[in-house]
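Architecture at a glance
Each chain, letter by letter, is given below.
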Amino acid sequence: MAQTPKNIAIIGSGLVGSLLAIYLRKNGHTVTVFDRRPDIRTIKFSGRSINLAMSNRGWRSLDEVGIGTKIKEIAIPLDKRAIHVNDKPMYFQKYGKDGEAIWSISRGILNKRMIDLAEEEGAVFRFNEKVWDVDLPSAKIFTGETEKSEWKEYQYDVIFGCDGAFSRVRHKMQRRSRFNYSQNFIDVGYKELTIPANEDGTHKLDKNSFHIWPRGEFMLIAMPNVDGSFTCTLFLPFEGEVSFESIKTEDDAREFFKTYFPNVRKDIEDLTKDFFNHPTSAMVTMKCYPWTYWDKVALVGDSAHAIVPFYGQGMNAGFEDIYVLNKLMEKHGDDWDTIFSEYQEARKPNADAIAELSYRNFVEMSSKTADPKFLLQKKIEKHFAAKHPEKWVPVYSRVTFSDRPYAEALAIGDMQEEVMQQVMQMPNIEEKWDSKQVEEKILVLLKES
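Residues numbered from 1 in each chain as written. Predicted model: local features only at pLDDT ≥ 70, side-chain atom pairs only at ≥ 80, totals over all residues. Heavy atoms only, no water.

Per an unreviewed UniProt entry, the protein chain goes by Kynurenine 3-monooxygenase and derives from Flagellimonas chongwuensis. Quoted verbatim from the Catalytic activity (unreviewed entry) field of the UniProt record, the comment on the protein chain reads "L-kynurenine + NADPH + O2 + H(+) = 3-hydroxy-L-kynurenine + NADP(+) + H2O". Looking at the Sequence similarities (unreviewed entry) heading of the UniProt record, one finds this comment for the protein chain: "Belongs to the aromatic-ring hydroxylase family. KMO subfamily." (UniProt positions renumbered as here; feature names shortened; annotations may be inferred.)

Quick look at the structure:
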């Protein structure tokens, strides 16, 4: 159903804001994007980024507006994890079936490309323009140099808040009656480091792997870039015996990497300089409801549901918001009340589910990937799934290589975990993990669940 063109404001020029601008322009709307920050294309972007992992949901959302192939040019497929444990050789864990991969993309490079594509579609970007207030019932926004300076007033038909976990638009909505809101910071922070390319421009590590150095309470990860470098992220507790707080000097930093990451420390460029120059960033899970106000204002992406990054689904979930929103626009035309109502009802349970899954995956990545019992459990699951693909799809595949709802993946994953806990209690499971007896046990437990 075609829509009558509206004059629409998007607050936030990040990945979600710029993709939404493309969708809205394709639907014939006038779009202005406001951002308090400078144009990312004019500044050096580094120091607080984790490379993005584009998966099925993200690609579907990009393909829907015809830009998927353009984005693949700046992405690298990763079909496996490479696990680096100090006391044994590096080993690999395949992500899914053959041909299934997540794609590593630099956040800065992707954001620049998305803004370019949105401008090509006719969206107007207003950088360095801070939104200080939003009048929700009338869809007006007010911008100015400071909170105390003179403000400019803009009138729109619809406003979308795509301004992240600490959204100014959501902040205004929080003051309304019966608005639910919670935020939860984890005790672990992160810091960005870099492994440069070899002199000939090739990658120092396997370029088609997501590299993890799991160390229990903390870990290092590395994801490849198209220029041959790797963006590394160190996840470490803020306080404690081994923590950001305990690393006070360059000697402390060198000793930390020598102790816990001896095989990679020489590859990390300007290790001690970057460690102290780059900020230590926090990670938050933010939940709220409702996500919309009448037919005037809607939150999309992190402004509605910020999650920790350990499933690589933050961007994918935000892009899927837009995909769902667009399908509802096609279905309901000019009935924005219904569009917004059905949008939040459809997405809220799935946002809560991926928030839970993302937190759990931190525990898995940091400690369980090096645990022999966990590895055996995964081996049994993979063996069973290969024999009975219609009966067992791993939760990771349901999230990453599927478009099925996150809430469904969480529920089925919980059921599968209950089954596997019983299987792992079987006597001598280490010797008979691939036996007919184990296969039959899983089949029986699945029937009962």
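There's plenty left to go through after this.
**A look at the environment of Thr280**
Here Thr280 shows up in the loop between helix H7 (271-277) and strand E18 (284-289). Leave out the neighbours within four places in its chain, and Thr280 touches Tyr190, Lys191, Phe238 and Phe244. At 2.9 Å, the side chain of Thr280 forms a polar contact with the side chain of Lys191. (Helix = DSSP H or I, 4+ residues; strand = E, 2+ residues; numbered from the N terminus. Contact = heavy atoms within 4.5 Å. Polar contact = N/O pair within 3.5 Å; in protein donor to acceptor, adjacent residues only side chain to side chain.)

**Digging into the sheet that holds strand E19 (residues 292-293)**
Strand order in the open sheet formed by six strands is E8-E2-E1-E12-E20-E19, and the pairing between neighbours is mixed. This sheet does not close on itself; its edge strands, each paired only once, are strand E8 (124-126) and E19. Sheet analysis places strand E1 (residues 7-11) next to strand E2 (residues 30-34), joined by five bridges and oriented parallel. Bridge pairing in E2 links Ala9 to Thr32. (Pairing = 2+ DSSP bridges.)

**Quick notes on the pattern of salt bridges**
For side chains bearing opposite charge, pairing can occur when the charged atoms are close. In total, this model carries 32 salt bridges according to the counting rule given. Put simply, Glu121 and Lys26 hold a salt bridge, and the shortest N to O gap is 3.1 Å. In this pair, Glu121 sits in helix H4 (residues 107-121) while Lys26 sits in helix H1 (residues 15-26), placing the two residues 95 residues apart along the sequence. Overall, the relative accessible area of 27% leaves Glu121 in the partly exposed class. What you see here is one network of salt bridges that share partners, running through Arg57, Arg60, Glu320, Asp321, Arg347 and Asp403. (Salt bridge = Lys/Arg side-chain N within 4 Å of Asp/Glu carboxyl O. Buried < 20%, exposed > 50% of the residue type's maximum accessible area, 1.4 Å probe, protein only.)

**Quick word on the UniProt feature "transmembrane region" (unreviewed entry) in the protein chain**
As recorded in UniProt, the feature "transmembrane region" (unreviewed entry) lies at residues 7-24. End C-alpha to end C-alpha, residues 7-24 measures 10 Å, and it is 56% helix and 28% strand.

**Some remarks on the pairing of strand E10 (residues 140-144)**
Across the five residues of E10, four count as buried, placing the element largely inside the fold. In the sheet, strand E9 (residues 130-135) pairs with E10 via five bridges, with the strands oriented antiparallel. Its bridge partner lying in E10, Asp133 is registered against Phe142. Between E9 and the antiparallel strand that follows it, E10, lie four residues; Ala139 among them carries a positive phi value of about 55 degrees. Relative to strand E11 (residues 152-155), E10 runs antiparallel, the two sharing four bridges. Across the sheet, residue Lys140 finds its bridge partner in E11, namely Gln155.

**Things to note about the state of the cysteines**
Two cysteines, two sulfur atoms, one covalent bond between them: this is a disulfide. Across all of its chains, the model carries zero disulfides by this definition. Left unpaired, Cys288 is separated from the closest cysteine sulfur, that of Cys162, by 13 Å. (Disulfide = S-S within 2.5 Å.)

**Let's talk about helix H9 (residues 314-332)**
Taking 1.5 Å of rise per residue, 19 residues should cover 27 Å, and H9 covers 27 Å from first to last C-alpha, within 8% of that figure. When you tally the buried positions in H9, you get 15 out of 19 residues, the bulk of the element. Gly333 sits one or two residues past H9 and shows a positive phi near 60 degrees. (Expected span 1.5 Å × (residues − 1).)

**Examining helix H2 (residues 56-64)**
When H2 is considered as a whole, its buried residues turn out to be Arg57, Gly58, Trp59, Ser61 and Leu62. Immediately beyond the C-terminal end of H2, within one or two residues, lies Gly66, with a positive phi of roughly 75 degrees.

**Some words on the nonpolar core**
Ranked by size, the top nonpolar core spans 74 residues in total, and within it Met54, Ile71, Leu110 and Phe160 carry the most contacts. Those residues in contact with Leu110 that lie beyond four places of it in its chain are Leu15, Leu52, Met54, Ile71, Ile74, Ile105 and Met315. Within the second largest apolar cluster, 37 residues are counted, among which are Ala53, Phe210, Met219 and Tyr406. (Core = buried A, V, L, I, M, F, W, Y, C linked by side-chain atoms within 4.5 Å.)

**Some thoughts on the environment of Ala253**
In this fold, Ala253 is placed in helix H6 (residues 250-260). A relative accessible area of 1% means that Ala253 is categorised as buried. Along the chain, Ala253 and Leu15 lie 238 residues apart, while their C-alpha atoms are 33 Å from each other. In contact with Ala253, other than residues within four places in its own chain, are Ile247, Thr272, Phe275 and Phe276.

**What to know about the packing of aromatic side chains**
Applying the stated criterion to the full structure yields 27 aromatic pairs. Ring plane angle 25 degrees and centroid distance 4.7 Å describe the contact between Tyr293 and Trp294, whose orientation is recorded as stacked. Between Tyr396 and Phe401 the ring centres are 6.2 Å apart and the planes differ by 65 degrees, which places this aromatic pair in the edge-to-face class. Accessibility expressed as a relative area gives 10% for Phe401, which makes it buried. Through a chain of ring-to-ring contacts, three or more aromatic side chains come together here, namely Phe218, Phe244, Phe256, Phe257, Tyr260, Phe261, Phe275 and Phe276. Lys72 extends its terminal NZ or CZ atom over the ring of Trp59, reaching a point 4.9 Å from the ring centre. The cationic tip of Lys191 hangs over the ring face of Phe275; the distance from NZ or CZ to the ring centre is 5.1 Å. (Phe/Tyr/Trp six-rings, centres within 6.5 Å; stacked < 30°, edge-to-face > 60°. Lys NZ or Arg CZ within 6 Å of the ring centre and 35° of its normal.)

**Focus: the domain arrangement of the protein chain**
Examined at the domain level, the protein chain breaks down into domain 1 (7-78 + 105-183 + 285-361), domain 2 (186-282) and domain 3 (371-448). Taken over C-alpha atoms, the centre of domain 1 sits 36 Å from the centre of domain 3. Both faces considered, domain 1 and domain 3 share a buried interface measuring about 1300 Å² in area, 54% of it formed by carbon and sulfur atoms. Sorting the residues of domain 1 by area buried against domain 3 places Asn56, Arg57 and Tyr311 first, and these three jointly supply 41% of that buried surface. Here domain 1 and domain 3 share two salt bridges between them. For Arg60, the salt bridge goes to Asp403, with nearest N and O atoms at 4.0 Å. Counting the contacts that link domain 1 with domain 3 gives nine residue pairs in polar contact (both at pLDDT 80 or more). Considering every element that reaches the side of domain 1 that touches domain 3, the biggest residue donor is helix H10 (residues 336-366), with eight residues. In the side of domain 1 that touches domain 3, the residues fall into six nonpolar, five polar and six charged. (Domains from an automatic or database assignment. Buried area = accessible area lost by both parts, 1.4 Å probe. Nonpolar A, V, L, I, M, F, W, Y, C, P; charged D, E, K, R; others polar.)

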